[in-house]
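In case you want the letters, here they are:
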Amino acid sequence: MKYRYIAIEGNIGAGKTTLSKQLSKRWDARLVLEQFEDNPFLPAFYTNPEKYAFPLEMSFLAERFQQLSREVQQTELFAERILADYAPYKSLIFAGRTLDHAEYGVYKRMHQLLYTNLPNPDLVIYIHQPIERLLLNIEKRGRAYETTIDRKYLEEIEKGYFDFFRARQDLITLVVTPQSDNYAFDGNFHRFVDELLEWNWSPGRHVVEVD
Ligand SMILES: Nc1ncnc2c1ncn2[C@@H]1O[C@H](COP(=O)(O)OP(=O)(O)OP(=O)(O)O)[C@@H](O)[C@H]1O
């Protein structure tokens with residue numbers, strides 16, 4: 001298997017979780033899903049970002065490290081494919097936006113200390129969606145605490161991802177813009193992703209046209 005550990009990434013509301021669930025069934029892969037619903041700081045963060053950003057980021061940091069150590073590191077001996085709906089660096093990107101300079105300094109050190117022990121995905125598929133579409137998706141799913149998410153926040157998170165991809169040319173990242181709103185359930189899109197996994201990608205960021 002060329003790419004055993006794969007992560008689906010993308011901005012808030014891009015459809016990562018739905019696509020990951022579909023692909024994990026298709027590939028019979030071990031599915032690793034972000035557990036954000038259990039984080040009590042998330043609703044608090046959206047009402048008072050200045051006060052709750054730091055505890056939110058620290059709790060995500062610990063929780064995701066634990067989850068990835070368990071699911072990815074400890075299953076390394078098995079041949080099974082692993083599919084996660086987030087990459088280990090996701091919170092680093094969010095923290096770059098949500099924390100102030102000094103807090104981010106502390107956060108980054110903690111992240112480095114913990115995450116150097118975790119493997120990076122062999123391949124990341126970044127689902128790129130226009131901001132308008134993200135806003136519609138967020139509205140449609142109707143999580144009460146997400147109503148304060150605006151265009152500016154989504155643009156900043158997107159920029160965080162793109163800056164990260166530019167800086168980390170050692171990782172393989174495929175940026176894919178789906179053509180239909182229903183892409184996560186679309187057999188053609190699934191086949192397109194299957195084909196992506198046949199290629200020997202060089203490290204770096206690749207923008208891939210969906211056919
Ligand atoms: N590190 C973080 N800092 C702040 N907020 C975060 C962080 N990680 C996740 N979140 C928030 O948690 C919620 C869930 O994240 P996200 O929308 O990316 O996942 P999702 O709902 O599974 O996405 P998708 O629609 O692509 O499946 C969002 O409100 C997101 O902003």
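This one's a predicted model, so the numbers in the text were calculated from it and none came from an experiment. Sequence order sets the numbering: in each chain, residues are counted from 1 along the sequence as written. pLDDT decides what is reported in this predicted model: residues at 70 or higher carry local features, side-chain atom pairs at 80 or more are listed and counted, and totals for whole chains, interfaces and linings draw on all residues regardless.

On to the site of the ligand, then. The rule is simple: place the C-beta atom from the backbone, and if it lies within 6 Å of a molecule or strand, the residue is near it. Around the ligand there are 18 residues in total, and Ile12, Lys16, Thr17, Ser91 and Phe94 lie nearest to it. Numbering of helices and strands runs from the N terminus, with a helix taken as a DSSP run of H or I at least four residues long and a strand as a DSSP run of E at least two residues long. Secondary structure elements with two or more residues in the shell around the ligand: α1 (16-27), α3 (49-73) and α4 (90-98). In this count, Pro and Cys sit with the nonpolar residues alongside Ala, Val, Leu, Ile, Met, Phe, Trp and Tyr, while Asp, Glu, Lys and Arg are called charged and the others, Gly among them, polar. Partitioned by chemical class, the residues of the shell around the ligand number seven nonpolar, six polar and five charged.

Turning to the UniProt feature "binding site: ATP" (unreviewed entry) in the protein chain, a few remarks are in order. Within this structure's numbering, the places UniProt gives as "binding site: ATP" (unreviewed entry) are Gly10, Asn11, Ile12, Gly13, Ala14, Gly15, Lys16, Thr17 and Thr18. Tracing the sequence through the fold places Thr17 in helix α1. Residues are treated as contacting if the C-beta atoms built from their backbones sit within 7 Å of each other. When residues no more than four places from it in sequence are discounted, the contact partners of Thr17 are Leu33 and Asp85. Relative to the assigned elements, Thr18 resides in helix α1. UniProt positions are given in the numbering used here, feature names are shortened, and annotations may be inferred rather than shown by experiment.

Between α3 and α4, the shortest axis-to-axis distance is 10 Å and the interhelical angle comes to 170°. When the interaxial angle is binned, α3 and α4 end up roughly antiparallel. As α3 packs across α4, the resulting crossing turns out to be left-handed. Counted together, Pro49, Ala53, Glu57, Phe60, Leu61 and Arg64 of α3 and Ser91, Ala95 and Thr98 of α4 form the full contact between these two elements. Axes here mean lines fitted to C-alpha atoms, for a helix over just the part in contact, with angles spanning 0 to 180 degrees between N-to-C directions. Roughly parallel refers to an angle under 35 degrees, roughly antiparallel to one over 145, roughly perpendicular to one between 65 and 115, and oblique to any angle outside these ranges. By convention the crossing between two helices is left-handed if the near helix lies anticlockwise of the far one by an angle smaller than a right angle, and right-handed if it lies clockwise.

Moving on, we get to the sheet that holds strand β5 (residues 172-176). In space, the six strands of this open sheet follow the order β2-β3-β1-β4-β5-β6, with parallel pairing throughout. Lying at the two open borders of the sheet, with one neighbouring strand each, are β2 (30-32) and β6 (204-208). Averaged over all adjacent pairs, the angle separating strand axes in this sheet is 20°, with direction ignored. Direction of pairing for strand β4 (residues 123-127) relative to β5: parallel, over a ladder of four bridges. Residue pairing for β5: Ile125 is matched across the bridge by Leu174. α1 rests against β1 (5-10), β2, β3 (82-84) and β4 of the sheet, and its axis sits at about 155° to β1. Pairing between strands is defined by DSSP: at least two bridges between them are needed.

In this section: the environment of Gln129. Tracing the sequence through the fold places Gln129 in the loop between β4 and α6 (131-141). By the C-beta count within 10 Å, which is 22 here, Gln129 ends up buried. Along the sequence, Gln129 and Ser180 sit 51 residues apart, while their C-alpha atoms lie 10 Å from each other. Once residues lying within four places of it in the same chain are set aside, the contact partners of Gln129 are Gly10, Asn11, Ala14 and Leu134. The burial label depends on the number of other C-beta atoms within 10 Å of a residue's C-beta. Counts of 20 or more mean buried, 12 or fewer mean exposed, and intermediate counts mean partly exposed, with C-beta atoms placed from the backbone.

In this section: the pairing of β6. Relative to β6, β5 is paired through five bridges, and the arrangement is parallel. Note on β6: the bridge partner recorded for Ile172 is Gly204.

Two numbers describe a pair of packed helices, the interaxial angle and the distance between the axes. It is at 9 Å that the axes of α4 and helix α7 (residues 151-167) come closest, and there the two elements cross at 125°. Compared by their axis directions, α4 and α7 come out oblique. Considering the relative orientation of α4 and α7, their crossing is right-handed. Between α4 and α7, the contacting residues are Ile93, Phe94, Gly96 and Arg97 on the first element and Glu156, Ile157, Gly160, Tyr161 and Phe164 on the second. Considered class by class, the residues forming the contact of α4 with α7 number five nonpolar, two polar and two charged.

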